[in-house]
Amino acid sequence: MALLIVLITCFVIILATSQPCQTPDDFVAATSPGHIMIGGLIAIHEKMLSSEDYPRLPEIQKCVGFEISNFIQILAMIHSIEMINNSTLLSGVKLGYEIYDTCTEVTVAMAAALRFLSKFNCSRETVEFKCDYASYTPRVKAVIGAGYSEISMAVSRILNLQLMPQVSYESTAEILSDKIRFPSFLRTVPSDFYQTKAMAHLIQKSGWNWIGIITTDDDYGRLALSTFAIQTLANNVCIAFKEVLPAFLSDNTIEIRINQTLEKIIAEAHLLDALKNVTFTDGGKSFHFDAHGDMNTGYDVVLWKEINGHMTITKMAQYDLKHDVFIVTDQETKNEFRNLKQIPSKCSKECSPGQMKKTTRSQHICCYECVNCPENHYSNHTDMDHCLLCNNETHWAPAKSTTCFEKEVEYLNWNDSLAILLLALSLLGIMFVLAIGIIFTRNLNTPVVKSCGGLMVCYVILLCHFLNFASTGFFIGEPQDFTCKTRQTLFGVSFTLCISCILTKSLKILLAFSFDPKLQNFLKCLYKPIPIIFTCTGIQVVICTLWLIFAGPAVEENVSLPRVIILECEEGSILAFGTMLGYIAILAFVCFIFAFKGRKLPENYNEAKFITFGMLIYFIAWITFIPVYATTFGKYLPAAEIIVILISNYGILCCTFFPKCYVILCKQDTNTKSAFLKTIYSYSSHSADSLAMSHVSLDSTNSNITMTNPSSGGKPAAWQKSKDLRAQAFAHIGKENATRAPKTWPRKRISSI
């Protein structure tokens, strides 16, 4: 009997929906009275025939293309409502239904929606216009459907007028989640946003980036395609092609459709607010609507596999919308899931760490070539779009690097071979200074030592040389602020003191052997040894003090080199540094002039000639240093200054003291008072004769008269003048060293200077 009733119902529905609509009741596919009416919008037919009349009349045409799967949905809806009515779920309340065939046509669905909104229990099926529908009772309380998103969007805009709940079982368009435009719309399937998100996640998890898309030519397919394209682009997945197929109704199993319909009917038993907050279970699973009216049902990931010529579909995993993860239940499906990664679906091979992707405008973003990262760049992941830049101040990286390396800090270290050589030369110079000091101390009373200005002057000069050699040690090792300030100051002051002492010696020599009265008077006024030394050295002390106070040398990290950091002393003020060196050069030049004037002294007293050579060596060394200092770069820059200091220091030391040491040690017969007196007497006689002859020539030129002196036996007056000059020279030499002359010699016959 039950089977007969079902068959009769099926026949009535099929017959009613396939005939043209004559009356509103003919438009209904299936109906049953009740206290609460539930509307239904289900596409039993595939399409509606077009009108052949012209002009076209505003009428609903005949529907064709019967769909058995959707017809089963109507049966499932009716069966579900009858189950609720026969249960104690709604005691004393009977659910009725009005189900309409939309014929997959928005126009038909809109006509049905207008009838849903007509006033309840009204003889005339009209929709009243009101400003407030709070007290208005429509024909139905809720609507199930429609299947297509395009139809659901159109119907929902009308039902929004009375905030009539609408629950769709298949409409998945993402726009329907907008509760501002569709406040009363709910659905039992997730939004396409989650479907496309799950697909994009699955593709990314499989390691693919080169895919094709096949979609249907309707609102559902087009919106899903747009959303999916955005999500794949965010995951660096490229779409190789897009294929759009005509829209058609998908075939699903009857059991799935019945279960979905059951969910809809049970949910429709409540009002809109209750529907949004309700939670129910089915098959051990909990379901509820979220804030957008979407249900948290998730998706099944299925695998289509051809076995023996037959296509089989197996469930691999379930996609959890909330946690964005795939849930795999057994080991076999886990293996199938892993096998997806073995399927190649990439346009290009992935770029390894140390490389980056290089594309051109004509290429697809997923088709690229891998190029190595340049120097000072790195990449530490596969398929990086660009290489990352290292911090050039502290790190560096070679080409095709996966990480940055710290720069090595370099400076002129103590164990450097060049530094060891320079230190050895400095120590050798210190040993020479000590040896010379010992030699001069042991030969204190010899003429050679006395001719050097005395032991005190020699000690001061040797101390300066010692400090100059010692200052080179401050140029080696890790630079510190103290060493940077000390090395230049120590060298500048000590070298200035050395040049100042040599300057006084040059003045003394020139004064002792100058026979020009005007020059001699000038040198006597100028020759003040102690004030000269203190003044010259004091000026240098002031220059260095101002330098240290206002812009002193300091440690600086030179990061301009690609792989190393040069720890060096930055001189602070280049102007002050140049002033210090320039002042020393001025003193050396003055000393050179005085020494050059006295270069033709007696051989045993020819110190001025060697001072001249020493100053020349100094000038050559420091003139060479200027371009070397300007062009040398790196940790060996201090070595260049050490070399110049050593050259100039060795040059002055050797020229000043080595000839004296040679006389003291190897030519002791010339290091006697008598030998010195003989040499000086011979030089003085020669100089006086030359000067007298110059005067005679001058007198003969002026007057051409030869004068005689009766007391001299007819000899020229010039001869007598020469004798007076010789006596004057001896007298001056004697006055210079009267205190050191033996008492046995007369005051006017001095043995040495």
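Residues numbered from 1 in each chain as written. Predicted model: local features only at pLDDT ≥ 70, side-chain atom pairs only at ≥ 80, totals over all residues. Heavy atoms only, no water.

1. Brief notes about the overall build of the chain
To keep it simple, the criterion reads: A run of DSSP states H or I qualifies as a helix once it reaches four residues; a run of E qualifies as a strand once it reaches two. Both are numbered from the N-terminal end. Accessible area is worked out with a 1.4 Å probe on protein chains only. A residue is then buried under 20% of its type maximum, exposed over 50%, and partly exposed in between. Contacts were defined at the residue level, with two residues in contact if any of their heavy atoms lie within 4.5 Å. Accessibility throughout is a Shrake-Rupley quantity obtained with a 1.4 Å probe, and a residue counts as covered only by protein chains that appear here.
When its secondary structure is counted, the chain shows 20 helices and 24 strands. Taken across its 753 residues, the chain has 45% of its residues classed as buried. Restricting the contact set of the chain to residue pairs at least 6 apart, pairs at least 24 apart contribute 63%. Working note: accessible area of the chain is about 39,900 Å², and carbon and sulfur atoms make up 61% of it.

2. Here we look at the environment of Phe657
Checked against the element boundaries, Phe657 lands in helix α18 (residues 637-666). Each C-alpha atom, one on Phe657 and one on Gly437, is 9.8 Å from the other, the two residues being 220 residues apart in sequence.

3. A short note on the side chain of Asn376
Within the secondary structure, Asn376 sits in the loop between β17 (369-372) and β18 (377-378). Note on Asn376: relative accessible area 17%, which makes it buried. Excluding residues that lie within four positions of it along the chain, Asn376 makes contacts with Leu388, Leu389, Cys390, Asn392, His395, Trp396, Ala397 and Pro562.

4. Notes on the packing of aromatic side chains
Short version of the rule: Only Phe, Tyr and Trp rings take part, Trp by its six-membered ring, and two of them pair if their centres are within 6.5 Å. Stacked means planes under 30 degrees apart, edge-to-face means over 60, and tilted covers everything else. Any Lys NZ or Arg CZ found within 6 Å of a ring centre and within 35 degrees of that ring's normal is scored as a charge over the ring.
A complete count under the given rule lists 19 aromatic pairs for this structure. When the ring of Tyr100 is compared with that of Phe116, the centres are 5.2 Å apart and the planes differ by 75°; the resulting orientation is edge-to-face. Within this pair, whereas Tyr100 is found in strand β5 (residues 95-101), its partner Phe116 is found in helix α3 (residues 106-116), the two being separated by 16 residues in sequence. In this pair, the class of Tyr100 matches that of Phe116, namely buried. Pairing Tyr618 with Trp622 gives two aromatic rings, centres 6.2 Å apart and planes at 50°, and the pair type is tilted. Of this pair, Tyr618 and Trp622 both sit in helix α17 (residues 607-631), four residues apart, roughly one helical turn. Members of the aromatic cluster, connected to one another through ring pairs, are Phe491, Phe495, Trp547, Phe577, Phe589, Phe592, Tyr618, Phe619, Trp622, Phe625 and Tyr629. The ring of Tyr368 carries the charged tip of Lys357 above its face, separated from the ring centre by 5.0 Å.

5. Side note on the state of the cysteines
Applied cut-off: For this text, the term disulfide refers to a pair of cysteine sulfurs within 2.5 Å.
Across all of its chains, the model carries five disulfides by this definition. Shown here is the disulfide that connects Cys63 with Cys103, its sulfur atoms set 1.7 Å apart. Residues Cys63 and Cys103 are joined through a disulfide that is right-handed, its torsion about the S-S bond being 95°. In this pair, Cys63 sits in strand β4 (residues 63-66) while Cys103 sits in the loop between β5 and α3, placing the two residues 40 residues apart along the sequence.

6. Let's talk about the nonpolar core
Quick reminder of the rule: The term nonpolar core refers to a set of buried residues drawn from Ala, Val, Leu, Ile, Met, Phe, Trp, Tyr and Cys, joined through side-chain atoms within 4.5 Å.
Grouped together as the largest cluster of nonpolar side chains are 65 residues, with contacts concentrated most on Phe440, Phe491, Met580, Met615, Trp622 and Phe657. Among the secondary structure elements, those contributing two or more residues to this core are α10 (417-442), α11 (447-451), α12 (455-471), α13 (481-512), α15 (529-551), α16 (574-597), α17 and α18. Among residues more than four places away in sequence, those in contact with Met615 are Ile499, Ala588, Cys591, Phe592 and Ile652. Counting residues in hydrophobic clusters, the runner-up holds 21 residues, among them Ala198, Phe228, Met316 and Phe326.

7. A few points about the sheet that holds strand β8 (residues 185-187)
Selection rule: In this analysis, strands are considered paired if DSSP registers two or more bridges between them. To obtain each axis, a line is fitted to C-alpha atoms, and for helices this fit is confined to the stretch in contact; angles are then taken between N-to-C directions over 0 to 180 degrees.
Taken in spatial order, the six strands line up as β1-β5-β2-β6-β7-β8 in an open sheet, and their pairing is mixed. In this open sheet, the two edge strands, each paired with only one partner strand, are β1 (28-32) and β8. Put simply, the sheet's adjacent strands are angled 20° from each other on average, direction ignored. In terms of strand pairing, strand β2 (residues 36-42) meets strand β6 (residues 142-144) through three bridges, oriented parallel. Each bridged residue has a counterpart across the sheet, and for Gly40 the counterpart in β6 is Ile144. Helix-sheet contacts for helix α4 (residues 149-159) involve β2, β6, β7 (166-168) and β8, and the interaxial angle to β7 is about 165°.

8. Overview of the pattern of salt bridges
Formally: Just to be clear on terms, a salt bridge is a Lys or Arg side-chain nitrogen sitting within 4 Å of an Asp or Glu carboxyl oxygen.
By the definition in use, this model includes five salt bridges. Between Glu98 and Arg139 there is a salt bridge, and its shortest N-O distance comes to 2.7 Å. Here Glu98 is found in strand β5, whereas its partner Arg139 is found in the loop between α3 and β6, with 41 residues between them in sequence. With a relative accessible area of 18%, Arg139 lands in the buried category. In this structure, the salt-bridge partner of Asp385 is Lys357, at a minimum N-O distance of 3.0 Å. In this pair, Asp385 sits in the loop between β18 and β19 (388-389) while Lys357 sits in strand β16 (residues 355-358), placing the two residues 28 residues apart along the sequence. Take Asp385: its relative accessible area is 47%, and that puts it in the partly exposed class.

9. Notes on the pairing of β1
Judged by how many residues are buried, β1 sits mostly within the fold: four of five residues are covered. Two strands pair when backbone bridges link them, and β1 and β5 are joined in this way by four bridges, in the antiparallel orientation. Its bridge partner lying in β5, Ser32 is registered against Tyr97.

10. Here's the deal with the side chain of Arg187
Keep this limit in mind: Two N or O atoms count as a polar contact when they lie within 3.5 Å, although within protein this holds only if one can serve as hydrogen donor and the other as acceptor, and sequence-adjacent residues are included solely when both atoms are side-chain atoms.
As for its position among the elements, Arg187 is in strand β8. In this structure the side chain of Arg187 is engaged in a polar contact, spanning 2.8 Å, whose partner is the backbone oxygen of Ala173. Within the structure, Arg187 has its side chain in polar contact with the side chain of Ser177 (distance 2.6 Å).

11. Re the pairing of β2
The buried count for β2 comes to six of seven residues, which makes it a mostly enclosed element. Judged from the seven bridges that link them, β2 and β5 form a sheet pairing that is parallel. Residue pairing in the sheet places Ile36 in a bridge with Leu95 of β5.

12. Remarks on α18
Helical periodicity: at 3.6 residues per turn, an α-helix aligns residues three or four positions apart in one direction. To keep things clear, this is the line we draw: The length a helix should cover is 1.5 Å for every residue beyond the first. Bending is quantified residue by residue as the angle between axes fitted to the seven-residue window ending at that residue and the seven-residue window starting at it.
Look at α18: 41 Å from first C-alpha to last across 30 residues, which is about the 44 Å you get at 1.5 Å a residue. A maximum bend of about 35° is found in α18 at Cys654. When you tally the buried positions in α18, you get 23 out of 30 residues, the bulk of the element.

13. Observations concerning unusual backbone geometry
Although it is not a glycine, Leu163 adopts a positive phi angle of roughly 50°. Tracing the chain through its elements places Leu163 in the loop between α4 and β7. Although it is not a glycine, Asn376 sits at a positive phi angle of roughly 65°.

14. Some remarks on the confidence of the model for the chain
For the record, the criterion: Every residue is assigned a pLDDT by the predictor, reflecting its confidence on a scale from 0 to 100.
Averaged over all residues, the pLDDT of the chain equals 77, while 74% of them reach at least 70. Across residues 265-270, confidence stays below pLDDT 50; counting only partners more than four residues off in sequence or on other chains, it has 17 contacts. When the criterion is pLDDT under 50, residues 691-753 qualifies, and its contacts beyond four places in sequence or with other chains add up to 61 contacts.

15. Details of the sheet that holds strand β13 (residues 299-307)
Taken together, three strands build an open sheet; the order of strands is β13-β14-β15 and the sheet is antiparallel. Each of the sheet's edge strands pairs with one partner strand only, and the pair in question is β13 and β15 (325-327). Averaged over all pairs of adjacent strands, the angle between strand axes in this sheet comes to 40°, irrespective of strand direction. Direction of pairing for β13 relative to strand β14 (residues 310-320): antiparallel, over a ladder of nine bridges. Note on β14: the bridge partner recorded for Glu306 is Met311. Packing of helix α9 (residues 331-339) onto the sheet brings it into contact with β13, β14 and β15, and relative to β14 it is tilted by some 95°.

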